[in-house]
Every structure is written in structure tokens, then in C-alpha cells.
Amino acid sequence: MSYLVTLTINRVPRTVELDDPRVTLLDLLRERLDLPGTKKGCDRGQCGACTILLDGRRVNACLALAISHDGADILTIEGLAEGQALHPVQAAFIAHDAFQCGFCTPGQIMSAIGLIGEGQAGDDAERVREGMSGNLCRCGAYRGITEAVLEATRIMADTTQEKAA
Amino acid sequence: MNRFEYVRPRSVAEAVAAAAIPGSAYLAAGTNLLDLMKIGVARPERLIDLNHLPDLDIIEQLPDGTVRIGAQVRNADLAHDPDFRQRFPVVAEALLSGASAQLRNMATVGGNLLQRTRCAWFQDTASACNRRAPGSGCDARGGENRMHAVLGWSEHCIATHPSDFCVPLVALDAVVEIEGPAGRREIPLADFHLLPGDTPERESVLAPGDLVVALRLPAEAAGFAAHARYAKLRERTSYAFAVVSAAAALRIADGRITEARLALGGVAAKPWRARAAEAALAGATPDAAAFRRAAEAALAEARPSGDNGFKIELARRIAIRALTLAAAGTPDRLPALPASAFASSSTPRPRGLHV
Ligand SMILES: Cc1cc2nc3c(=O)[nH]c(=O)nc-3n(C[C@H](O)[C@H](O)[C@H](O)COP(=O)(O)OP(=O)(O)OC[C@H]3O[C@@H](n4cnc5c(N)ncnc54)[C@H](O)[C@@H]3O)c2cc1C
Ligand code: SF4
Ligand code: FES
Ligand code: FES
């Protein structure tokens, strides 16, 4: 039996036919939709490398069954930049050397966007570290990551204010 | 992962009927179930998806002040609900000390209650495990078992229940609403999970097809809001299961405890309500001596199930910590590290640990 799943991925509606209900969102993106930016670290919810935004919320794509998320809106690392213009969180990661090998980075960036959207951490470094604890970094780039998230939080707050003014 | 049939019911009645067929399992977020399916520990033939059912994701306050939480409410949504966290701050703190932000955005109330033990032998299909394969033995006995139970265990199984959320819930007299093939019933959370005895494979009172539809917290549980804290000891600062944990809730009037609630996590196959400790605290002045007596009472029956005698003293100390924090008063805003032993309003944080 096959199943039709309709998803909006990086603002583009896509209908996918699944021949197997076992496919996770992570495998769907990487193996079937040519979007390998989202990484597979542990495949068990333990590292955060697979973080995406699902209906605007950060989640672990490795523990989400694609078939169960019919109709969902998905944002991945590939959907952030607009042309050559990087997303403020991407730019802040570069400015603060917030990575070394880069494997955890797409997950870190998606998680940071989720965190900033949740609005619980603000400019408190300790709350940022706690809020980002679901994303492990084997290279230990945590100091740069925290700085980048704090800076992006400030920049995004300023931009929102300008837009409102 | 074994192949399964995927079923998307349109109503609770359809879900219950589908799940009553042997080999079925409910799929909530899947953060525990899919994980166990990937490693071959869970092998359901049929997944009944709860994610498209109407009305299971609602938090409502009933006329008598009871709060009713639908089984599909996400852990993060409950913890950040302004009314809920104001009335039941200790539940919010426990939720926010569990897993990661990503997992809390996904994980549901029902799934958290019914998550399986993190016993490493349970998760390894090559090991003997009475809980996974009844009658096969228990490789945790005599194996690596420092994280295992110190209360309520049996020769057949020494596993613990890993939930943080359930600990304050059991302290606050939460009730579970169940819809099953035989109709609707409700049961106190204190009686929901089963101790292993000689049937460790029976983890809760649920029968095949039974669906948890909601949880209720009685209005009077909000009466503890001014003095209610969760404390959790982990082997790293964040994103780790509890070694031991405690939820403490007090009512204090004229310098005396008029009513106390205490429950422990990480110590048994169920969230552990410490009623003897509560009785010892009633009428006492909230001071170190009273808290020590309560902690002694809470762990009076504890005994090691292996290399884990240290957990008994740790559990006493985490109980004292939670009671001390609760007596000091619930903070307006939760600390940056919810439930952490390293960040709290009454104890200064050791310098250099979290630069
Ligand atoms: C890396 C990691 C770290 C974690 N850390 C913590 C932690 O520190 N503290 C903590 O408390 N938890 C922790 N968790 C566990 C997490 O909280 C659970 O995985 C989650 O709560 C399960 O919810 P779910 O909706 O994903 O359930 P699912 O995985 O979908 O389901 C779990 C079980 O419950 C059954 N079920 C689900 N809903 C119902 C229902 N309504 N009625 C009847 N049966 C139902 C399912 O059939 C299944 O057997 C962690 C998990 C991971 C992966
Ligand atoms: S402690 Fe329980 S869950 Fe762990 S191996 Fe023994 S029987 Fe299985
Ligand atoms: S790959 Fe999903 S959390 Fe590690
Ligand atoms: S940059 Fe290498 S794992 Fe984080």
C-alpha cells in the first residue's frame, strides 16, 4: 500500500508518494527530496543534528514519522537564505566562529531560530545555553554558538522594531 | 524497524476499536515509540495515529477549578501555558527539566506517562529482560545497575520509570481519564503505573485498546503554588534523565506547614509518592531538622538493587533540597536551569561551572 503526503517544504508545496510508512521526516528530506542539509547524527533524538522547524516549532526530524505529518509546513537550513542574503542567525554563526567541522551547524541554526521565536531566553546567556542544550557539538564550539545566538536575538529584535515603526 | 500498518482514526471511538486488535500501538509524537522501534524493542504490527484526532490537545479549566489536560497536549505547550504554570509551577518546572526543547515541542502528555524505562538491558534485544521478554531473566541484576531502583523493585525487575512530569503530578493527586473498549473510567495517577512484582511486563493498568484521553489536576492542588519546587539531579547539567529527583509542595501558615506533598523520581518503576514523609511534615516548622526527618521517612524502606546504594542518600538529599526550595517560595520566574541542583534562588551557583 502507498500513502500520499502533502507538505510545504521551504515554502514550496510538495506531494510525495510513500511506499513505506516507516520513513521519518529526516530520511524523507535527505534521501527522497534531495535536501541533505539536515544532518543525521544519532537518529535517536539525542544530538539535535536533525533539527528542523515543523509548523514553526523546532523538532527532531529523526523521531517524526513523515506520514503522521501530512499537511505540515517545514523549514530546513536550505530554506533560510534569500538569494545571497543570509538569515541573521546564519550570519551571526559566521561572525562568531560558531562552528568548526560544521556537522552540527544546520541543527544548531534551526534550533536557534526556534529558540528566538519561543522568546523564553532573551539576552540571558545561561537561558540560551539551557535552551540550546538539545544540540550537541563534538567540536565544542559552544562559546561561539552562545555568542552568535545572543547577537542574532538582538539583531532580530531590532529588525522587528524597525518594521513596526 | 519492522514494517507496520498505519491507521489514522477520525474519532476516539475509532481509535479505541482499531487499537483493541492485538499487535496495535498508539502513536503520539513517537519520540519514545519510534526510538524503540528502531532498535527492535517495540515491534507493533499496527500504529494508530493520535495526531489527527480532534479535541485531545486542549487545556481547559472546569467550573470547579479542576484543570483538564488533553492527552495530546505537547509538553512545551503545557509548561508555557500562562495560567497553568502560575497555578502549577512545580509541574512546569519538572516538564522544563526533561529532555530538550525540541523533544518537549513534540512529546505529548499521554506519551510522557507511558514512556518505557531507560534500562540499558531492556533496550538491548540480545539481553535477558523480563519486562521485554517475560520469563527470560534480568541481566540488570549483577550487571551495570547503578541507575536502577531502590524502592518497590522485585527479584524480577529493578527498572525505574524515567518521567519527570509524573513526579509532581503524583504529588498533586492527578487523575488519569481512560477510554477503552469497556467504556470510560478514571484512576488516580498514584495507581496508574504498576510495580514489577512477578509481572514486570505489566507496566500500567491499561488493557489493550485503552487510550489515555486526559489528565486532571484538582483545584486544591493549585493551593500549593506559592511553595512548590522540583529538584533533579543529573549526570550533566541539562538534557539528561534524573539520577534522582523530588517534587515538594507545601502550604505554610503562621510559620507552620499545614499540608505537605512529596514525591520522588528515578527511584522506582513508578513516580513515588512519599506519604510517610508528608505525615511527618504536617504541623512541623519548615526547617532543616523537619526536612531531614521527612527525607528519612521517605526512604525508610529503600534498599539497593545492585551497585546503587548511593542513590538512597542522594534521594534523601534531593528531597531535602526540594523541600528547602519550596519553603523559600516559588520564584516568579523559573530559574535559567529549571530544577537544577546548580542554579536555584536559595543556593548561590558555584562559580566557574557554567561560564
Ligand atoms: C534523548 C531523550 C531524552 C529524554 N529526556 C527525558 C527527561 O529528561 N525526562 C523525561 O521525563 N523524559 C525524557 N525523555 C522522554 C520523553 O519525555 C518521551 O519520549 C516523551 O514524553 C514521549 O511522548 P511521545 O508523545 O513522543 O510518546 P510516543 O513515543 O508516541 O509514545 C510512547 C508510548 O506511549 C503510548 N501512548 C502514547 N500516547 C498514549 C495515549 N494517549 N494513550 C495510551 N497510550 C499512549 C505509545 O503507544 C507508546 O507506547 C527523553 C527522550 C529522549 C529521546
Ligand atoms: S531491570 Fe527490568 S527492564 Fe531492566 S533488564 Fe531487568 S527486567 Fe528488564
Ligand atoms: S539525528 Fe535526530 S537527534 Fe540526532
Ligand atoms: S562544529 Fe563540529 S560538531 Fe559542532
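Basis of the calculations
Residues numbered from 1 in each chain as written. Chains lettered and ligands numbered in written order. Predicted model: local features only at pLDDT ≥ 70, side-chain atom pairs only at ≥ 80, totals over all residues. Heavy atoms only, no water. Helix = DSSP H or I, 4+ residues; strand = E, 2+ residues; numbered from the N terminus. Rg over C-alpha atoms; globule rule 2.2 N^0.38 Å. Buried < 20%, exposed > 50% of the residue type's maximum accessible area, 1.4 Å probe, protein only. Areas by Shrake-Rupley, 256 points an atom, 1.4 Å probe, with all protein chains shown as cover. Lys, Arg positive; Asp, Glu negative; His and termini not counted. Charge placed at Lys NZ, Arg CZ, Asp CG, Glu CD. Arc of directions from axis to C-beta. Contact = heavy atoms within 4.5 Å. Near = heavy atom within 4 Å. Nonpolar A, V, L, I, M, F, W, Y, C, P; charged D, E, K, R; others polar. Domains from an automatic or database assignment. Salt bridge = Lys/Arg side-chain N within 4 Å of Asp/Glu carboxyl O. Buried area = accessible area lost by both parts, 1.4 Å probe. Polar contact = N/O pair within 3.5 Å; in protein donor to acceptor, adjacent residues only side chain to side chain.

### A word on the overall build of chain A
And then number 1: If you tally the helices and strands in chain A, you get five helices and five strands.
And then number 2: In chain A, the succession of α and β elements from N to C terminus is β-β-α-β-β-β-α-α-α-α.
And then number 3: Its C-alpha atoms give chain A a radius of gyration of 16 Å, within 12% of the compact-globule value 15 Å for 165 residues.
And then number 4: A total of 165 residues make up chain A; the buried ones form 53% of that total.
And then number 5: Entry remark: accessible area of chain A is about 7,600 Å², with carbon and sulfur atoms responsible for 51%.
And then number 6: A distance of 4 Å separates the average location of the 16 positive side-chain charges in chain A from that of its 22 negative side-chain charges.

### Considerations on helix 2 (residues 88-95) of chain A
Residues and elements named next belong to chain A.
And then number 1: Listing the buried residues of helix 2 in full gives Val89, Gln90, Ala92 and Phe93. For helix 2, the angular spread of the buried residues around the axis is 165 degrees, confining them to a single face. Turned more than 90 degrees away from the buried face of helix 2, the exposed residues are Ile94 and Ala95.
And then number 2: Looking at the buried positions of helix 2, the neighbouring elements they touch are helix 3 (105-118) and helix 5 (142-164).
And then number 3: One or two residues past the end of helix 2 sits Asp97, with phi positive at roughly 50 degrees.

### Quick notes on the site of ligand 2
And then number 1: Neighbouring ligand 2 are 14 residues, the closest being Cys119(B), Cys129(B), Cys138(B), Cys157(B) and Ile158(B).
And then number 2: Grouping the amino acids of the shell around ligand 2 by side-chain chemistry returns ten nonpolar, three polar and one charged.

### A few points about the domain arrangement of chain B
And then number 1: When the domains of chain B are assigned, the result is domain 1 (1-53) and domain 2 (226-328).
And then number 2: Between the C-alpha centres of domain 1 of chain B and domain 2 of chain B there is a distance of 36 Å.

### What to know about the pattern of salt bridges
And then number 1: Under the criterion given, the structure shown has 39 salt bridges over all chains.
And then number 2: In this structure, Arg32(A) and Asp19(A) form a salt bridge, with 3.2 Å as the shortest nitrogen-oxygen distance. Residue Arg32(A) is located in helix 1 (residues 25-32), and its partner Asp19(A) is located in the loop between strand 2 (12-18) and helix 1; the two are separated by 13 residues in the primary sequence.
And then number 3: Salt-bridge contacts for Arg68(B) lead to Glu177(B); the nearest nitrogen and oxygen are separated by 2.8 Å. Placement of the pair is Arg68(B) in strand 5 (residues 67-70) and Glu177(B) in strand 6 (residues 175-180), with a sequence separation of 109 residues.
And then number 4: Through salt bridges with shared partners, a single ionic network connects Glu60(B), Arg68(B), Glu177(B), Glu179(B), Arg184(B), Glu186(B) and Arg216(B).

### Quick word on the interface of chain A and chain B
And then number 1: Taken together, the 37 residues of chain A in the interface contact 42 residues of chain B.
And then number 2: Carbon and sulfur atoms supply 46% of the area buried between chain A and chain B, which totals about 3,400 Å² over both sides.
And then number 3: Arg57(A) is paired through a salt bridge with Asp77(B); the nearest N and O atoms lie 3.0 Å apart.
And then number 4: Linking chain A to chain B there are 24 residue pairs in polar contact (both at pLDDT 80 or more).
And then number 5: Tallying contributions element by element places helix 4 (residues 125-131) of chain A first for the side of chain A that touches chain B, with five residues.
And then number 6: Among the residues forming the side of chain A that touches chain B, the class breakdown is eleven nonpolar, 13 polar and 13 charged.

### A look at the site of ligand 1
And then number 1: Not every one of the 34 residues close to ligand 1 is listed here, only the nearest: Tyr26(B), Gly30(B), Thr31(B), Thr108(B) and Asp164(B).
And then number 2: Mapping the residues near ligand 1 onto chains gives chains A and B.
And then number 3: Between ligand 1 and Gly30(B), the relevant distance is 2.7 Å, taken from an oxygen atom to a main-chain nitrogen or oxygen of the residue.
And then number 4: Here a nitrogen atom of ligand 1 and a side-chain polar atom of Asp164(B) are 2.7 Å apart.
And then number 5: Going through the elements one at a time, helix 7 (109-113) and strand 8 (211-217) of chain B are the ones with two or more residues in the shell around ligand 1.
And then number 6: With three residues, the single largest contributor to the shell around ligand 1 is helix 7 of chain B.
And then number 7: Of the residues belonging to the shell around ligand 1, the class tally is 17 nonpolar, 13 polar and four charged.

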